[in-house]
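Chain residues, written in single-letter form:
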Amino acid sequence: MATTCGCGGCFEGFRAKQKVAPDVPAGVLGKAQVSTLQEAMALQRPNSGVFLPSPTAAWASPVPRDGGATGAVSLDGDFEIVMHELETLDAARDTMAIQLDTDGARHMTGGGSMQHSRFEVEQMFASPATLPKPMSMDERESQIRTSVPTATNQILAQVPRKLLLQATDEGQNLRRNVARGATVVFVGAGLPGKRFTFERAAAMGIKVAIIEHPDSWSQSLVGEGVVAKFLPVDMSQSSEAVFEAALAHIRSLGQDGLTGPVDGVVTFVELSVPLVARLCETLGLPGHTPAAVDAARNKHETRAALKRAGLPTPKNYLIASADEVEKAGKIVGFPAVLKPVSGAASLGVKKVTSAEELAGTYKEIVDELSTLVVSSGALIQGSPDSGGVNAKGMVDLSVLMEQYLDGPEVDVDIVMSGGEYQYAGVADNGPTMEPYFNETWAVCPSLLPLDQQRSLKELAVACVKALEFTVGVFHVECKMTSNGPHLIEVNARMGGGQVHETNLRCWGVDLVEEMFFACLGIPSRPPVPQQPRCAVAYCYVNAPTSGKVVSLEKLEAVSKRQNIVWAKPLVRPGVTVVGPEQGLPTWLCDLFVTGQSSKKALAYLEELQAEDLVPVEK
């Protein structure tokens, strides 16, 4: 058994002393267990509160409408796909050259004023910043021992391990039943496109409380009955202040009888992952250790962990100042990639091919990081006089120089439970737009040879373990290079964008469900078919040139064609967008299609891309 654990939810060290099965959380020990599946399904949750979540049909959900009372997933049913209405975009967002990931910074409801986020800046460029230091293993185990068992733990203590670990539809329904009625806190609501996550929670009978900035779009979900509570926290504060405010809100849950006390805390927002890890640790709840999260979010620490584990690691050098640039070039060689040691999406990531280019590009990246402003949840270059938060002084200007990795890129979406992977789906990514590494397309199932898929999957799982994670949902990016598989990065959360829909449609695995199971301490054993249910292909269409968007008429028309799941606009007519000749290209639209095979789905997607669905006028 490892001396450290990547997830407090498994309570490995404590349970070993109590001789409790590692997949069953330490709840009310000694309480009589049931013996049959029927008895387990009849167990009732104590003290769950009076709120009854009400999933609505006003917004398209990736879950079939005929999912049934248990929330079972059936890909044979009809899907209601609705075009999302565009949010009102302010001037800063209309013109920004850098677009954050859909699980990045928060988004204003439109039109109104907002306080810009110091917390976001700190977590993007100086994480963990002022968040509490990680506990020692002894402190962590003591916190777990002295914490009052959650209602979920009390139910789990009565269910035999063999029933909980069935990788069948019956076993999945049992795990859903254990989760039903749980009180789960989401830290961050992301963009409005993440509404499907909260609707899925409501369909599962989970009582959700959202911690977010007071102006978040998600506060309306309370009035609609989708979530139980909206707990406002001023995100313009420091990370330490946000932590304290969130902790106070969580500890108050259950007092008004609307929900029960907290059962789990979770996020799909990248910048909130370190905060959630520390909240879970403080409360003695299932969750990643802060040390594991911090290592995964720091590119240099990730490479060091891989090297210690004997995993392939590209040549790299951490450049702390301009004086080290020449030395870095001699050690790493060319071609190479420069990337901020902490950051988001493809911000500041650029390829260099020579020593001369290295010096200029390093200065360009540092200058760019020094002049960043967070405005309306978006990163732009400019002056804090425009109303945003100046990132200077909070940004870690260290830049990692790393050997350029050739070959195709893949995403591996992993579900870990009990220290082993229970699911790992591989999707191919198309060639990125260099030198900015913007994504072009993706397809699932993978088109790579079977032996390469297996080696990439094995590496991805090994990297998650090397960072000392044992439980949870992970989005891992890798490359199959001429020298074998290599890691790009590990994200300790469910992937954003099209990731959830891809895994649900191809393999019938609902990553939202598995995310809930992990945060509640429920073991994951998703039933996975031997053959994929369908193939999918998707992309964010990059602006081919800088200019103004002409219209969305062609995009609206194409959304009605067969085998198109969605065709979502990401800009509006008249806005100015950035092409590759000026910087990181703006995403124009989001396309998602299905096909009888991966090759057919990808060919269909490429035909759509060639139609110039969102024309841009220079």
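Residues numbered from 1 in each chain as written. Predicted model: local features only at pLDDT ≥ 70, side-chain atom pairs only at ≥ 80, totals over all residues. Heavy atoms only, no water.

J.: Would you mind showing me how to read the overall build of the protein chain here?
T.: A count of helical and extended segments in the protein chain gives 21 helices and 22 strands. Residues classed as buried in the protein chain amount to 60% of the 618 residues present. Considering only residue pairs separated by 6 or more positions, the protein chain has 71% of its internal contacts joining residues 24 or more positions apart. Of the accessible surface of the protein chain, which amounts to about 23700 Å², a share of 51% is contributed by carbon and sulfur atoms. (Helix = DSSP H or I, 4+ residues; strand = E, 2+ residues; numbered from the N terminus. Buried < 20%, exposed > 50% of the residue type's maximum accessible area, 1.4 Å probe, protein only. Contact = heavy atoms within 4.5 Å. Areas by Shrake-Rupley, 256 points an atom, 1.4 Å probe, with all protein chains shown as cover.)

J.: I would appreciate a short explanation of the confidence of the model for the protein chain in the present structure.
T.: Predicted coordinates in areas of low pLDDT are best not read in detail. On average, residues of the protein chain carry a pLDDT of 84, and 80% of them reach 70 or more. Here residues 1-29 scores under 50 on pLDDT; set against residues more than four positions off or in separate chains, the count is 82 contacts. Ignoring residues within four places in sequence, the model shows residues 375-379, a span with pLDDT below 50, making 27 contacts including any to other chains. (pLDDT = per-residue confidence, 0-100.)

J.: Is there a simple way to explain the pairing of strand S17 (residues 535-542) in this structure?
T.: Each regular strand carries side chains that alternate between the two faces of the sheet. Burial analysis of S17 places 8 of its 8 residues in the buried class, which makes it a mostly covered element. Side chains Ala 535, Ala 537, Cys 539 and Val 541 project from S17 onto one buried face, and the interleaved Val 536, Tyr 538, Tyr 540 and Asn 542 project onto a second face that is buried too. Sheet topology places strand S14 (residues 442-444) next to S17; 3 bridges connect them, and they run antiparallel. Its bridge partner being in S17, Cys 444 is matched across the sheet by Val 536. Across 8 bridges, the pairing between S17 and strand S21 (residues 587-595) is antiparallel. Bridge assignment links Ala 537 to a residue of S21, and that residue is Val 593. (Pairing = 2+ DSSP bridges.)

J.: Help me understand the side chain of Ser 446 in this model?
T.: Following the sequence through the fold, Ser 446 ends up in the loop between S14 and helix H17 (450-466). Given the relative accessible area of 10%, Ser 446 is considered buried. Only 2.6 Å separates the side chain of Ser 446 from the side chain of Asp 428, close enough to count as a polar contact. A polar atom in the side chain of Ser 446 sits 3.0 Å from the backbone nitrogen of Leu 448. Aside from chain neighbours lying at most four places away, what touches Ser 446 is Val 426, Asp 428 and Gln 453. (Polar contact = N/O pair within 3.5 Å; in protein donor to acceptor, adjacent residues only side chain to side chain.)

J.: How should I be thinking about the packing of aromatic side chains in this particular structure?
T.: A ring pair, where both rings are aromatic, is described by two values, the distance of the centres and the angle of the planes. The tally for this structure, following the rule as stated, stands at 9 aromatic pairs. On the numbers, 5.0 Å between centres and 55° between planes, the contact of Phe 469 with Phe 474 is tilted. Given a relative accessible area of 2%, Phe 469 falls into the buried group. You can call Phe 474 buried: its relative accessible area is 0%. Centre to centre, the rings of Tyr 540 and Trp 587 are 4.1 Å apart; their planes meet at 15°, and the pair counts as stacked. With Tyr 540 in strand S17 and Trp 587 in strand S21, this residue pair connects regions lying 47 residues apart in the sequence. Each member of the pair, Tyr 540 as well as Trp 587, carries the same accessibility label: buried. (Phe/Tyr/Trp six-rings, centres within 6.5 Å; stacked < 30°, edge-to-face > 60°.)

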